[in-house]
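# Topology and contacts: notes
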Amino acid sequence: VYKWLGVRGTFAYVDEDYDSRDRQGQDNINRLWEIRVNFYLNSRKDIVSVFYSDENLNAEDYGYSYDGYNLGISYFKKLPWDLECFLRYKYTDRDYHGQPGPAKNFGFTGDRKDERHNFYAGLSRNFSRYCFGTLYFNYVDNDSNTPFYEFNKTIYGLQVGVKY
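The following refers to the structure shown. All of these numbers come straight from a predicted model, not from anything done at the bench.

Let us now look at the environment of L135. Looking at where L135 falls in the secondary structure, it is placed in strand 7 (residues 131-144). On the basis of relative accessible area, L135 is assigned to the exposed category, the value being 53%.

Here's what the structure looks like:
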């Protein structure tokens, strides 16, 4: 086995049930397969990860059901002063099976297809023995053939937490 290479596969099966009566059509079963390859460089101070995942969501209302996949790459770097940097790009492609969910109420019909670009950057610092703080930036660009679902979103955040 190579010390500079890691491969991981995961499977998730999720059953979501909404309590709200007006959202019960979104009750779904989702299954997700993922394969991730990690390259450990510079005595594990640099980690480059490449991943692919395949997703299938089946909702009670067919308009919320989709088949999709994700492709991504990330970079993790240990820096001096107990700092860590994390960068990620993730591309998502989803093909919805039926009428485009709530958009059908606004006159949109036909199959819906979304393509999403997600950029994430975070800078973390450990303090005390078990605490950390992270400043992060996340930008999401969702393109859809149904204008109701097109959006751009920018998120800035500060996260403080405890790790054991």
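The backbone phi angle of N42 is positive, close to 55°, even though this residue is not glycine. Position of N42 relative to the elements: it lies in the loop between strand 2 (28-41) and strand 3 (46-59). By relative accessible area, which is 47% here, N42 ends up partly exposed. Positive phi, close to 65°, is recorded for W81, a residue that is not glycine. In this structure, W81 sits in the loop between strand 4 (66-79) and strand 5 (83-96).

Right, let's get into the pattern of salt bridges. In total, this model carries seven salt bridges according to the counting rule given. With its nearest N and O atoms 3.1 Å apart, the salt bridge here joins D54 to R31. Pair noted here: D54 is in strand 3 and R31 is in strand 2, with a separation of 23 residues, a long-range link. Of the charged contacts in the structure, one is a salt bridge between D46 and K77, with a shortest N-O distance of 3.3 Å. Of this pair, D46 sits in strand 3 while K77 is found in strand 4, placing the two residues 31 residues apart along the sequence. Connected via shared salt-bridge partners are D93, D95 and K113.

What counts and what doesn't
- Residues numbered from 1 in each chain as written.
- Predicted model: local features only at pLDDT ≥ 70, side-chain atom pairs only at ≥ 80, totals over all residues.
- Heavy atoms only, no water.
- Helix = DSSP H or I, 4+ residues; strand = E, 2+ residues; numbered from the N terminus.
- Buried < 20%, exposed > 50% of the residue type's maximum accessible area, 1.4 Å probe, protein only.
- Salt bridge = Lys/Arg side-chain N within 4 Å of Asp/Glu carboxyl O.

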